[in-house]
Amino acid sequence: MRNLFPILMLLTNLSLNIDNNNNNNIIRATCRETPYYSLCLSVLESDPRSYKAEGSDDITTLGLIMVDAVKSKSIEIMKKLKELEKSNPEWRVPLNQCYMVYNTVLRADVTVAVEALKRGVPKFAEDGMDDVVVEAQTCEFSFNYYNKSDFPISNMSKDIVELSKVAKSIIRMLL
Amino acid sequence: MQNQKKKMSIPNSETNNGVPYTHLPESDNDSGNTPARCRKTNRSTFIILTGLVAFLLFFVAVKYGNNDGTDDIIPGPVPPHETVCNMIGSNLMPLTTMRTVARGVEEGVSAKSHGHFLGVRPFPWTQKMLAWQRTSFHFQPKKNWMNDPNGPLYYKGWYHLFYQYNPEAAVWGNIVWGHAVSRDLIHWQHLPVAMVADQWYDINGVWTGSATFLPNGDLIMLYTGSTNESIQVQNLAYPADPSDPLLRKWIKYEGNPVLIPPPGIGLKDFRDPTTAWTTPEGKWRITIGSKINKTGISLVYDTIDFKKFELLKGMLHGVPGTGMWECVDFYPVSKIAENGLDTSENGPAVKHVLKSSLDDDRNDYYALGTYNAGAGKWVPDNPIIDVGIGLRYDYGNFYASKSFYDQEKKRRVLWAWIKETDSEAADICRGWASLQPIPRTIQYDKKTGSNLITWPVAEVDNLRSNNNEFNKVVVKPGSIVPLEVGSATQLDIMAEFEVDQNMLKKVDGSNATYDCIKSGGSGERGALGPFGLLVLTDNSLSEQTPIYFYIAKDLTGNFNTFFCNDLTRSSEASDVRKLIYGSTVPVLQGEKLSLRTLVDHSIVESFAQNGRTAITSRVYPTKAIYENAKIYLFNNATDISVTATIKIWQMNSANIKSN
């Protein structure tokens, strides 16, 4: 039985490869299923892994690329929060809460999503991307709670929410 | 004594209809913003001072705990909860009724999967609030993450529960088999992890499995492993020492894996083997959930020794559009006897239940049907309510369930994974995630003939103390009645509601359709509902968790009864999902409406009509906790009074022990 195993895997891979010879179409088709087509397209097309994605792991790789985009954005936001802490000390209280929730995005939501995608249990990856929205809202709410002025990371927070929703849509295709 | 209690407890019920209850449907964009803003200004000095102190503390913690640069923004393992809690341990948010503009509500994920974020306080959690959320008589690990129940069984005087467990964090990952034992399904003792990911065929996870007893009393376990290439395979394990009633050590069969995904099945769509049952030829048979495109299916295998398996042609059953079937369960129920049936039983007085956990929507669906042992096929009694499109065990938060036959008490017992519905930041801070429900017995509903009955195992009644009874309390339209029971965070509540039959006849029918989930919740008033209980509710009613009936009468005079649980006002915290759960519940001629609710801190389990419909929810109040958690009766119907008779017990803690 153990000898059969690699052979079966090979056969399955070969059969799936046949319909997947045009990756660009896969990227477009995938992005069409998400709520932000052009955002999705720009992220996937800028990552060489999209073009290498092959066979049965196509969508998984696209999901991983999108989760990576969420990761990069969360790092960008955390750096910005650190800058704001210095430039706007009066915002320290909400900034601290924002840092805490984006730390959760980076170290829990993204980490879980990557592990779950790699291991083939996309539902946990979906939960992680759903949570990004909740955490980003905590940060926004927290800032609105204390300050009337526009929060300088609101745009980034909108970005990460959109990225996580695109990631969620892609992940749902794997369920 | 009970009469006296009644008078003391219900001061307003007869005199002035209690507190008017019409403010429940209060809209989110009402004028409440104006006074709230004033209050905020008045408090701003306090906030700034508190904030400064908090920041100083935080600054010290961060300064000496971490580098100040951006080097530390590198994704790594989930942070230990102390780190996160240091950041939020200083409760920065003052208690207030301020309502912020709920920005982001519309852009939230679809209401169906997510619900609304109507909270007003961003991440308000103090350690005291989070500590309150831990349950007292439900099973949960000491800390960290749990998901599916695995291989439940009864062996040499002990109930065993294995479960998907992450020993390292309060989020999913690093899955091994946690293990606990109990004499009575209620008082548990934690044991060391039973199986870890240490072989190429399960190195990426020791996933869900089921136990089977062989006729000689031997025990085997089949479980899914995620291989070094993340391929899903089935593996065999057995107790290292069958004479150990605690089954602490498990041996994995050296010939693992015993099953790999068959041709045509995705390498990651092949998991969660069932308990085996016997075939007419004397072989063993199991089923494993999968999918083909979007059709959820259940594959069938026969075996003699659990090492070599033969795939049957076709499948046990499949339902188009239901997606991947996880944690399939398949078992007989008796149409005549009260007791449960061992998985291999069959015969004319038996129906077979097929259950699937749908990966697509994360709910557990079942259907009653007929099993053809010769062909290895099952057909539903009613294709309209087939698996995945009809009935559910529970219309709330309840997934990845697994049943087992308890040979000691001759009953079938159900476990499940009750997940968190707050933010992962809160879970990490709290240090744990997920619960098991109180195990439920499963029976065929002989009265309706169309559904199962699930009910908390009788042993939970042994935790009851301090009975309070409230007899024939009249709750008039638009009123609310407090029930004085002392602390209301650990309760078992049995309530019956009588509705004036003449009024039911008099009320005009309506062509409006009702649906718990799409309705306006407990605040949407109809002629004949909603009415029921408010649990985990504070004195000001700013946090409340209504559990209620809603009777709908159509134009032809037919009644349809709904059983719902509205979480939209269950917490002021912004990072909590607040759904409305519920479904219809069959009510037969002459039956009173009855409900039972178990409240145990952050879990509320409710059963209507003795278990025909169940709803489990997770609740995370910020005010209605400890001594401020209260219970009320309410009636938001416009045309009928209801008469309620209620028994409420305080529930003792089950004191889960560690080994």
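Residues numbered from 1 in each chain as written. Chains lettered and ligands numbered in written order. Predicted model: local features only at pLDDT ≥ 70, side-chain atom pairs only at ≥ 80, totals over all residues. Heavy atoms only, no water.

By the naming in an unreviewed UniProt entry, chain B goes by beta-fructofuranosidase and is assigned to Solanum lycopersicum. Recorded in UniProt for chain B, the comment headed Subcellular location (unreviewed entry) runs: "Vacuole lumen". (UniProt positions renumbered as here; feature names shortened; annotations may be inferred.)

Chain A appears in an unreviewed UniProt entry as Vacuolar invertase inhibitor from Solanum lycopersicum.

Asker: Can you lay out the packing of aromatic side chains for me, pointing to particular residues and giving the numbers?
Answerer: All names here are of chain B. On inspection of all chains with the given rule, the structure shows 35 aromatic pairs over all chains. Ring geometry for Trp145 versus Trp417: centroids 5.8 Å apart, planes at 70°, classification edge-to-face. Linking Trp145 in strand β2 (residues 144–155) with Trp417 in strand β21 (residues 411–417), this pair joins segments that are 272 residues apart in sequence. Judged by its relative accessible area of 2%, Trp417 falls in the buried class. Centre to centre, the rings of Tyr548 and Phe634 are 6.1 Å apart; their planes meet at 75°, and the pair counts as edge-to-face. One end of the pair, Tyr548, is in strand β29 (residues 545–553); the other, Phe634, is in strand β35 (residues 630–635), with 86 residues separating them in the sequence. (Phe/Tyr/Trp six-rings, centres within 6.5 Å; stacked < 30°, edge-to-face > 60°. Helix = DSSP H or I, 4+ residues; strand = E, 2+ residues; numbered from the N terminus. Buried < 20%, exposed > 50% of the residue type's maximum accessible area, 1.4 Å probe, protein only.)

Asker: Quick rundown of empty space enclosed by the protein? Include the residues and the values.
Answerer: This model, assessed by the stated rule, comprises 9 cavities of 30 Å³ or more. Computed from the structure, the largest cavity encloses a volume of approximately 190 Å³. Lining the largest cavity are 14 residues; nearest its centre among them are Asp127 of chain A together with Trp145, Glu420, Glu424 and Asp427 of chain B. At 3 residues, helix α7 (residues 122–146) of chain A tops the list of elements feeding residues into the lining of the largest cavity. (1 Å grid on protein atoms, 1.4 Å probe; cavity = no way out; pocket = protein on both sides within 12 Å on 5 of 7 lines; lining within 4 Å. Points joined across faces, edges and corners; volume = space filled by probe spheres on them.)

Asker: Tell me about the sheet that holds strand β36 (residues 642–651) of chain B, and please be specific about residues and values.
Answerer: Residues and elements named next belong to chain B. The sheet built from 6 strands is open, its strands ordered β25-β36-β27-β32-β33-β34 with antiparallel pairing. Of all the strands in the sheet, just β25 (464–475) and β34 (613–618) have a single pairing partner and so form its edges. If you compare each strand with its neighbour and ignore which way they point, the axes differ by 15° on average. Summarising the sheet, strand β27 (residues 490–499) and strand β32 (residues 593–600) pair through 8 bridges and their orientation is antiparallel. Paired with Phe497 across the strands is Leu593, a residue of β32. (Pairing = 2+ DSSP bridges. Axes fitted to C-alpha atoms, helices over the stretch in contact; angles between N-to-C directions.)

Asker: Would you mind going over the state of the cysteines in detail, with residue names and values included?
Answerer: For the coordinates displayed, the defined rule picks out 3 disulfides over all chains. Note on cysteine connectivity: Cys31 of chain A is disulfide-linked to Cys40 of chain A, with sulfurs 2.0 Å apart. With the S-S dihedral at roughly -75°, the linkage between Cys31 of chain A and Cys40 of chain A falls on the left-handed side. On the accessibility criterion, Cys31 of chain A (0% relative accessible area) is buried. Covalent S-S linkage joins Cys516 of chain B and Cys564 of chain B, the inter-sulfur distance amounting to 2.2 Å. (Disulfide = S-S within 2.5 Å.)

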